[in-house]
Amino acid sequence: MAYYGKSIETVIKLLDQFKPEKDSPEQFLEAAATSLQTLSPQEQAFVMEVLSGCLEYRKLLTIVVDAFYVRDGRLCLWTDYSLFEVVCYLATFQLEELGFQLFCSIVKSQPVHKVFKFLGFLFNPLNLGSWIKDEWSLIYETTHVKEQWIDPLMRWQPEVQELLNQLQGALTNQPPLPKAKAKVTEPKEFNLTAPRPCAIPVPEPVPVVAKARPVPRSTYRPPKEQRLLETTKRYNRRKAEELLLRASVEEMRCARPSPRGEPPVEDSKTKLRLRFPPRILKAPKLTFYRPNDDSPVKLNTAAILREGALYQRQVERELQRVDKLMDGAGDLSEFLKWQRKIQAKDLEEQLAAGECRRLQGKLSHEEAVLARQQVVQEKKQKADQKKEETAELMQQCAERRLQEERSMKELVEQVMETQKNIKVAQTKLLKGRQQMVQEVMEESRELLQRSAEAAKEEQRRRCELISQLRALETQPTRKGKLVDLTQIPGYGLEGEMSVVELRERLALLKETQRCKEEEKRDQIIQGKRAKSRALQNAVEQISLCRAAMGRSAALRWEEKKAQSAAAGAPSRDERVLELQRRIREKAAQRRGQEALLHVPAPRAARPKQQAQLEAQRRLELELEQSRERRLRALQRGGSARGPARCQGAV
């Protein structure tokens, strides 16, 4: 009888080695049989019987053992999992075959406290009649489970209860095991090699730095190239303005056709005495050539219609004007004279306003210079105040640093005091953590119970759905019927017809639609032809109107050219004189302010710089003269355009 305890240990070791993911039960049993050749035949038969039974009913055993670890065996080790499986197998399937006395001896040969907990959980009537029965019924039939396993376990309840009482008595009478004295860790010194003494480094020679050259004065002066670029830029701008003025005055004279071999005649009134560099004076004049009037111009339909409508409106307006003259309308000569006078006055006012704006710009420049000088004085005063404020701030910073050093010393003393109370805080923290761990364990226990109940409910619902789906699969399916295309469905709708009749009607509709499309195509072609004939007529009319407009434009140009000779000098305005007087006063005030500020006189310029300054002044003078000439030319051109517009309107 003593070999049963060793046999149970052998079974437990073999079960620990079994891995269901990799090993198959048959191969594992064969390997176990070969390893058990050293045992006696009786022991070998007992071990193989228990091992094969545990592997066969592994699903039933894992259900019970997993539930034990979740509920009553939370403090048990997972290394005892195979022990609980073997005990569960012997109690469920081998109890009647072994006998109760042999079962008691096997149980008592194992650790008492572990077996006591598991047997109390397994033979609990509530567990056997509720969830163990339900879980096993999902794998095997309910009647088989109840008759073969649950009922025998319920019959063995009185004997098992006596065995549990004996085990409990053995636990209470068993003296507590003496605690082994904990080994104290003894620190050992590290076996380190002794460091070599550091060699004293040789002092490096102090490098002799060469004396730096002083910063040249040219660093703080603007470069000569920049000044030369600015002067050339201004010169080029004035040159471009001169060319623009000359081109605007002589733009029509250079395009005037002259007979071959005959030099162009220059008008003494319109000739300008301008100064240009030799390169510009020697450049050839630009000549413009009139394009051939017979060259074809390709126009689209929209342009032809737009131009034809424009000429038609002009013809209608001209006819209306002739009708008014025939009905006795008055002459517009007096009105045109009055209009020319008004336009001349408007032009003079515009020129005076332009001159006023220019002078106002100069005046604002002088005022800005004065304001800048005042700002310089204010900045000097603010700089003095700022220096005084910085001195005060430096003193305050020094005092603040002393206060911060004192506060840091006090803070260090407080930290040293708080470090003494660290142990008390650590004990409080440990107690708080232990309470938190207990609360978390209780919550996890409740969550596990809820999850088990939810899994049971989900399993029941799945079984019901599977039974419903199987019942639906057993129902017979209907087969389709043949379709007759010539038969009317007979739904009782208005205009009901068969599929064949519907196809015939669709073919008739397509034929009628094709006839309509052909008729519409013929109408579009006829419309395009009529439109092309109308466009040809419009092009002919446009060519006639263009010729007439060209002749009238040539006549108007000759009249404008004859009237552009007479032009008066621009009159001086009182506002311009007043602004010039104010500018002179501001300039005198600025010079006096500069003398009060003791501005140092500039250095004597070099001969080359003096020549550049003189050239700059000369260019500025020429620019002023060119602007005045341009204003006069614009005034003459504006006075000549007014009568030409009035004559064109007449």
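The structure presented is a predicted model; accordingly, all values stated were derived computationally and were not measured.

> How do you make sense of the overall build of the protein chain when you look at a structure like this?
Within the protein chain, the secondary structure is distributed over 19 helices and zero strands. By the burial criterion, 20% of the 650 residues in the protein chain qualify as buried. Here the contacts in the protein chain between residues at least 6 apart in sequence split such that 76% fall between residues at least 24 apart. Looking at the protein chain as shown, the accessible area adds up to about 52,800 Å², and 56% of this sits on carbon and sulfur atoms.

> Any chance you could explain the confidence of the model for the protein chain here in plain terms?
As a note on interpretation, predicted positions should not be read in detail where pLDDT is low. Across the protein chain, pLDDT averages 77, with 80% of residues at or above 70. Here helix α13 (residues 278–281) stands out as the element of the protein chain with the lowest mean pLDDT, 38, in contrast to helix α12 (residues 224–249), whose mean of 88 is the highest. Here residues 599–608 is modelled with pLDDT under 50, and outside its nearest four sequence neighbours on either side it reaches four contacts, counting other chains as well. Counted against residues more than four places away or in other chains, residues 638–650, with its pLDDT under 50, gives 19 contacts.

> I keep staring at the pattern of salt bridges and nothing clicks. Help me out?
Once their charged atoms are close, side chains differing in charge can pair, the charge on each being opposite to the other. Here the structure, examined in full by the defined rule, presents 16 salt bridges. Residues K114 and D80 are paired through a salt bridge, measuring 2.7 Å at the closest nitrogen-oxygen approach. Placement of K114 in helix α8 (residues 112–122) and of D80 in the loop between α4 (58–70) and α5 (81–93) is noted, with a sequence separation of 34 residues between them. Exposure remark for D80: the relative accessible area of 11% places this residue in the buried category.

> Explanation requested: the packing of aromatic side chains in the structure shown.
Any aromatic ring pair is given by two values, namely how distant the centres are and how the planes are angled relative to each other. Scanning the entire structure with this criterion turns up 18 aromatic pairs. Aromatic pair Y57 and F93: ring centres 4.2 Å apart, planes at 15 degrees, arrangement stacked. With Y57 in the loop between α3 (41–56) and α4 and F93 in helix α5, the pair connects residues that are 36 residues apart, well separated along the chain. Each of the two residues, Y57 as well as F93, counts as buried.

> Which parts of the structure should I look at to understand the packing of helix α9 (residues 125–137) against helix α10 (residues 142–155)?
One way to put it is that α9 packs onto α10 with a least axis distance of 10 Å and a crossing angle of 155 degrees. By the angle class used here, α9 and α10 are roughly antiparallel. Once α9 is placed against α10, the crossing between them reads as right-handed. Seen from α9, the contacting residues are P125, L128, I132, K133, W136 and S137; seen from α10, they are T142, V145, K146, W149, I150, L153 and M154. Residue composition of the contact of α9 with α10, by class: nine nonpolar, two polar and two charged.

> Before we go on, may I ask you to explain the nonpolar core in this structure?
Buried together is how nonpolar side chains tend to be arranged in soluble globular proteins. The biggest cluster of nonpolar side chains holds 63 residues, and the ones touching the most others in it are V86, F118 and L119. Dropping the residues within four chain positions of it, V86 is found in contact with I8, V11, I12, L15, V50 and C54.

> I would appreciate a short explanation of a nonpolar patch on the surface in the present structure.
On the surface, L332, F335, W338 and I342 cluster together into a nonpolar patch covering about 390 Å² of accessible area. In this fold, L332 is placed in the loop between α14 (301–326) and α15 (333–420).

> Got a minute to help me understand α12 in this structure?
A turn of α-helix holds 3.6 residues, and therefore any two residues three or four places apart point the same way. Between its first and last C-alpha atoms α12 spans 38 Å; for 26 residues at 1.5 Å apiece the expected length is 38 Å, and the two agree. Buried within α12 are the following residues: R238, K239, E242 and L245.

> Please explain the packing of α10 against helix α11 (residues 157–173) as it appears in this structure.
Relative orientation and spacing of two packed helices are given, respectively, by the angle between their axes and the distance between those axes. Between α10 and α11, the shortest axis-to-axis distance is 5 Å and the interhelical angle comes to 55 degrees. On the basis of their axis angle, the class for α10 and α11 is oblique. Contact with α10, carried on its side by L153, M154 and R155, involves Q157, P158 and E159 of α11 and no other residues of that element. When the residues that make up the contact of α10 with α11 are grouped by side-chain class, the tally is three nonpolar, one polar and two charged.

> Teacher, can you tell me more about a negative patch on the surface here?
A surface patch of like charges, here negative, comprises D384, E388, E389 and E392. Counting through the fold element by element, D384 comes out in helix α15.

> For this particular structure, what's the right way to read the side chain of E366?
Relative to the helices and strands, E366 resides in helix α15. Judged by relative accessible area, E366 falls into the buried class, the value being 10%. Here E366 is in contact with K586, A587 and R590, once residues within four sequence places are set aside.

Rules used in this analysis
Every residue gets a number counted from 1 within its own chain, in the order that chain's sequence is written. Where local features are concerned, this predicted model is filtered to residues with pLDDT of at least 70; where side-chain atom pairs are given and counted, the filter is 80 or more; whole-chain, interface and lining totals use all residues. Heavy atoms from the whole structure form the basis of all side-chain values; hydrogens and water molecules are not counted. Here a strand is any run of E in DSSP of at least two residues, a helix any run of H or I of at least four, and the numbering for each starts at the N terminus. Each residue is placed in one exposure class: buried if its accessible area under a 1.4 Å probe, protein chains only, is under 20% of its type's maximum, exposed if it is over 50%, and partly exposed if it falls in between. Contacts are assigned to residue pairs that have any heavy atoms within 4.5 Å of one another. Accessible areas in this description were obtained via Shrake-Rupley with a 1.4 Å probe; residue shielding takes into account the shown protein chains only. Per residue, pLDDT captures the predictor's confidence, and it can take any value from 0 to 100. Whenever Lys or Arg places a side-chain nitrogen within 4 Å of a carboxyl oxygen from Asp or Glu, that contact is recorded as a salt bridge. Aromatic rings from Phe, Tyr and Trp, taking only the six-membered ring of Trp, are treated as a pair when their centres fall within 6.5 Å; an angle between ring planes under 30 degrees marks them as stacked, one over 60 as edge-to-face, and anything in between as tilted. Axis definition: a line fitted to C-alpha atoms, limited for helices to the stretch in contact. Angles are taken between N-to-C directions and run from 0 to 180 degrees. Every angle not falling under 35 degrees, over 145, or within 65 to 115 is termed oblique; those three ranges are roughly parallel, roughly antiparallel and roughly perpendicular. Should the near helix be turned anticlockwise from the far one by less than a right angle, the crossing is left-handed, and should it be turned clockwise, the crossing is right-handed. Under the grouping applied here, Gly and all other residues not named as nonpolar or charged are polar, the nonpolar ones being Ala, Val, Leu, Ile, Met, Phe, Trp, Tyr, Cys and Pro and the charged ones Asp, Glu, Lys and Arg. The term nonpolar core refers to a set of buried residues drawn from Ala, Val, Leu, Ile, Met, Phe, Trp, Tyr and Cys, joined through side-chain atoms within 4.5 Å. A patch consists of residues exposed above 30% relative accessible area that lack any salt bridge, with like charges linked at up to 9 Å and nonpolar side chains (Val, Leu, Ile, Met, Phe, Trp, Tyr) linked at up to 5 Å. Residue count minus one, scaled by 1.5 Å, sets the expected span of a helix. Charged residues are defined here as Lys and Arg on the positive side and Asp and Glu on the negative side; His and the ends of the chain fall outside this count. Positions of charges follow a simple convention, taking NZ of Lys, CZ of Arg, CG of Asp or CD of Glu.

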